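# Structural features, examined
Here are the chains, one letter per residue:
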Amino acid sequence: MRPLIAGNWKMNGLGAEGLALASAVRKGLGEGGQGVEVLLCPPFTLIERVARAVAGSPIAVGGQDCHPKASGAHTGDVSAPMLKDAGATWVILGHSERRADHGETDALVRAKVEAALAAGLTPIVCVGETLAERDAGRAEAVVEAQLAGSLPEGFAAAKGVVAYEPVWAIGTGRTPSDADIGAMHAAIRALLATRFGEAGKAVRILYGGSVKAANAKPILAVPEVGGALVGGASLQAEEFLAIIAAARVAVA
Ligand code: PEP
């Protein structure tokens, strides 16, 4: 399975710096991804410009959220067809920052995933436990419930991607042990295979949470880790390119 390295820029990047970052990643990547799929998810305002800046390269562009409806009276929201129209082919959904800041439920995330699939976007659905949930021994149960509620039928057949992102590891510099990452990814794989059969065995499961150049290699070598969703480190071209290089080593 080709690993996917996705950069989530979050609410960072004005025009000049965003374009400089996208161009630096493009330049550093060269002609091909060499076995690695690369995705940049800038803020809505930069999607069209970043898509133009990476056109003709192996880099894809994604949004960080979308509304479940295709259009209508939803001030300030952006729909999946709008993302597609701007040049995105992917969308991150159910990120823990959206779940926390905007009260997004599993049911809402599922509706957004359905909207993304209907618009022809590939969704990356984020799940992950809080530290209190992990300490209470409930991490796997929490993630399994999120997956059951957030993934619609047809998700695996449409090649949707799951990102396991422990909330306590996002932006904190802390990561689970490789053994804990492996255990959670194995649990997610089992659930996907049970629910979606053969297609579930092929769903990529990314790890996300404080991935950096310095820790990417061992994390990406953990069984069932099919790539990384990278926040902070995706804002520096050198760091992001080093994570992509680590993914190449993992598949070599
Ligand atoms: C993220 O936002 O999805 C993320 C994993 O952030 P960071 O890499 O900064 O922890």
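For the structure itself, look to the data block above.
A brief structural summary.

Cut-offs applied
- Residues numbered from 1 in each chain as written.
- Predicted model: local features only at pLDDT ≥ 70, side-chain atom pairs only at ≥ 80, totals over all residues.
- Heavy atoms only, no water.
- Near = heavy atom within 4 Å.
- Polar contact = N/O pair within 3.5 Å; in protein donor to acceptor, adjacent residues only side chain to side chain.
- Areas by Shrake-Rupley, 256 points an atom, 1.4 Å probe, with all protein chains shown as cover.
- Nonpolar A, V, L, I, M, F, W, Y, C, P; charged D, E, K, R; others polar.
- Helix = DSSP H or I, 4+ residues; strand = E, 2+ residues; numbered from the N terminus.
- Contact = heavy atoms within 4.5 Å.
- Phe/Tyr/Trp six-rings, centres within 6.5 Å; stacked < 30°, edge-to-face > 60°.
- Buried < 20%, exposed > 50% of the residue type's maximum accessible area, 1.4 Å probe, protein only.
- Pairing = 2+ DSSP bridges.
- Axes fitted to C-alpha atoms, helices over the stretch in contact; angles between N-to-C directions.
- 1 Å grid on protein atoms, 1.4 Å probe; cavity = no way out; pocket = protein on both sides within 12 Å on 5 of 7 lines; lining within 4 Å.
- Points joined across faces, edges and corners; volume = space filled by probe spheres on them.
- Core = buried A, V, L, I, M, F, W, Y, C linked by side-chain atoms within 4.5 Å.

Here we come to the site of the ligand. Neighbouring the ligand are 14 residues; Lys10, Glu165, Gly171, Ser210 and Gly232 lie closest to it. His95 has a polar side-chain atom sitting 2.9 Å from an oxygen atom of the ligand. Separating an oxygen atom of the ligand from a backbone N or O atom of Ser210 is a distance of 2.7 Å. Contact with the protein chains covers 96% of the free accessible surface of the ligand, which is 300 Å². Residue composition of the shell around the ligand, by class: four nonpolar, eight polar and two charged.

Before going further, it helps to spend a moment on the side chain of Arg189. On the secondary structure map, Arg189 appears in helix H8 (residues 178-196). Not counting residues up to four positions away in its chain, the partners in contact with Arg189 are Met1, Gly200, Lys201, Ala202, Val203, Ile205 and Glu224.

According to the stated counting rule, one finds two aromatic pairs in the structure shown. Ring plane angle 40° and centroid distance 6.4 Å describe the contact between Phe155 and Phe196, whose orientation is recorded as tilted. Taken together, the residues span a long stretch of sequence, with Phe155 in the loop between helix H7 (139-150) and strand S6 (161-164) and Phe196 in helix H8 at a distance of 41 residues. Classification of Phe196 as buried rests on a relative accessible area of 15%.

This brings us to the sheet that holds strand S3 (residues 59-63). Neighbouring strands of a sheet are bound in pairs by backbone hydrogen bonds; such pairs are parallel or else antiparallel. Ordered by their spatial adjacency, eight strands build a closed barrel running S1-S2-S3-S4-S5-S6-S7-S8, and the pairing between neighbours is parallel. Shown here is a sheet whose adjacent strand axes are inclined to one another by a mean of 25°, direction ignored. Bridge analysis of strand S7 (residues 205-208) against strand S8 (residues 227-230) gives two bridges, and the strand direction is parallel. By the bridge assignment, Tyr207 is partnered in S8 with Ala228.

Next up on the list: empty space enclosed by the protein. A complete count under the given rule lists one cavity of 30 Å³ or more for this structure. As for the largest cavity, its lining consists of Gly94, Ser96, Arg99, Cys126, Val127, Gly128, Gln146, Glu165 and Val167. Residues belonging to the lining of the largest cavity are distributed by class as follows: three nonpolar, four polar and two charged.

Here we take up the nonpolar core. Within the largest apolar cluster, 65 residues are counted, with the highest numbers of intra-cluster contacts made by Ile5, Val162 and Ile188. Of all the elements, helix H11 (residues 237-251) adds the most residues to this core, at seven residues. If we ignore the near neighbours within four places in the chain, the residues touching Ile188 are Val143, Leu147, Val162, Tyr164 and Ile205. Ala6, Ala60, Cys126 and Leu206 belong to the second-largest nonpolar core, a separate cluster that totals 13 residues.

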